[in-house]
Amino acid sequence: MSDAQNDFRDLLRAQRVWDVSLPRFDPATAPAAPLPLFHTWFAEAVAAGQSEPHTMTLATTDTGGRPDVRTLMLHDADERGWHFATHATSAKGRQLAACPYAALGFYWPAQGRQVRVRGAASPAGREESRADLRARSTGALAAALTGSQSEVLPAYEDLVRASEAAWEQARAEPDAGAETWTRYVVDPQEVEFFQGDGRRRHVRLRYRRTGAGWTRELLWP
């Protein structure tokens, strides 16, 4: 085994998790539906100083059934579901068109918390997608206007040129549209809230949709 491999393993094993005082979570006090609890936990993550609490992982599958995952931003969480946006022509957009189901994961280590969401993902209407793009920052708009997301990039210089042109357009036309920009909504069928515990007695509360309501159940950690 190489020295580099041994160094990596030593470094990996030296890491610790949740080197903070973790909050307690009593699932008996949880609301009947997951959305209010998500709003509360999100606000508490912000108050705890969690860096970028609105970032999440998005898992999809390709046409061969192979999973794919990436990190992106949450755009909203309301009665319809959890919202994000991307180009419909991107890898995740194509995967969602072929298999319209997704899983989301939030990790807030400042409080030892995770939230997992699973459900059907559907595109919002064209006007809602355009409004989503208009609400973004100049930099985010420029990124959306830059090029063909997930396609092969011949050279980094091509990105630089496309990005400079996109920034100019974004500054001159803050209402510019990107035809493929699409807002998606994940309609949750399952939502799990995980509260870490220093003695590994983690609390896992899962909401499972049953008809028009929700069933709450605890899971072994």
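Refer to the structure presented above.
Computed from a prediction, not measured in an experiment: that's the story for all the values here. (Residues numbered from 1 in each chain as written. Predicted model: local features only at pLDDT ≥ 70, side-chain atom pairs only at ≥ 80, totals over all residues. Heavy atoms only, no water.)

**Student:** Quick one: what's the story with the pattern of salt bridges, residue by residue and with numbers?
**Tutor:** Within the structure shown, the criterion is met by 16 salt bridges. For Arg66, the salt bridge goes to Asp62, with nearest N and O atoms at 2.9 Å. Classification of Asp62 as buried rests on a relative accessible area of 17%. One salt bridge in this structure joins Asp68 and Arg70, with 3.3 Å as the shortest N-O distance. Residue classification places Asp68 among the partly exposed residues on the basis of a relative accessible area of 29%. (Salt bridge = Lys/Arg side-chain N within 4 Å of Asp/Glu carboxyl O. Buried < 20%, exposed > 50% of the residue type's maximum accessible area, 1.4 Å probe, protein only.)

**Student:** How would you sum up helix α1 (residues 3-14)? Please name residues and give values.
**Tutor:** Over its twelve residues, α1 extends 16 Å from the first C-alpha to the last, a length consistent with the 16 Å expected when each residue adds 1.5 Å. Counting buried residues along α1, only zero of its twelve residues qualify, which leaves the element largely exposed. (Helix = DSSP H or I, 4+ residues; strand = E, 2+ residues; numbered from the N terminus. Expected span 1.5 Å × (residues − 1).)

**Student:** How would you sum up the side chain of Glu217? Please name residues and give values.
**Tutor:** Mapped onto the elements of the fold, Glu217 is located in strand β9 (residues 213-219). Polar contacts involving the side chain of Glu217 include one to the side chain of Arg206, which spans 2.8 Å. There is a polar contact of 2.8 Å between the side chain of Glu217 and the side chain of Arg208. Every residue in contact with Glu217, bar those within four places of it in the chain, is listed here: Arg204, Leu205, Arg206 and Arg208. (Polar contact = N/O pair within 3.5 Å; in protein donor to acceptor, adjacent residues only side chain to side chain. Contact = heavy atoms within 4.5 Å.)

**Student:** Run through the pairing of strand β8 (residues 203-210), naming residues and quoting values.
**Tutor:** Where strand β7 (residues 181-195) lies against β8, six bridges are found, and the strand directions are antiparallel. Residue Phe194 lies in a different strand from β8, and its bridge partner there is Arg204. Relative to β9, β8 runs antiparallel, the two sharing seven bridges. Paired with Arg208 across the two strands is Thr215, which belongs to β9. Hairpin connection of β8 to β9: two residues between the antiparallel strands, including Gly211 at a positive phi of 65 degrees. (Pairing = 2+ DSSP bridges.)

**Student:** Outline the nonpolar core, supporting the account with residue identities and numerical values.
**Tutor:** Counting 29 residues, the largest nonpolar core has Phe38, Trp82, Phe106 and Val115 as the members making the most contacts within it. Breaking this core down by element, the ones donating at least two residues are α2 (34-47), β1 (55-61), β4 (81-87), β5 (101-108), β6 (113-123), β7 and β8. For this core, the element with the highest residue contribution is α2, accounting for five residues. Discounting residues that sit within four places of it in the chain, Val115 has contacts with Phe38, Trp41, Leu104, Gly105, Phe106, Trp108, Val191, Glu192 and Phe193. Counting eleven residues, the second-largest nonpolar core is a separate cluster that includes Leu133, Leu141, Ala170 and Ala178. (Core = buried A, V, L, I, M, F, W, Y, C linked by side-chain atoms within 4.5 Å.)

**Student:** Tell me what's going on with the packing of aromatic side chains, and back it up with residues and numbers.
**Tutor:** For the coordinates displayed, the defined rule picks out twelve aromatic pairs. Ring geometry for Trp18 versus Phe194: centroids 6.3 Å apart, planes at 45 degrees, classification tilted. With a gap of 176 residues between them, Trp18 in the loop between α1 and α2 and Phe194 in strand β7 connect regions that are remote in the sequence. Plain terms: the ring middles of Phe25 and Trp41 are 5.2 Å apart, the flat faces sit at 80 degrees to each other, and that makes the pair edge-to-face. (Phe/Tyr/Trp six-rings, centres within 6.5 Å; stacked < 30°, edge-to-face > 60°.)

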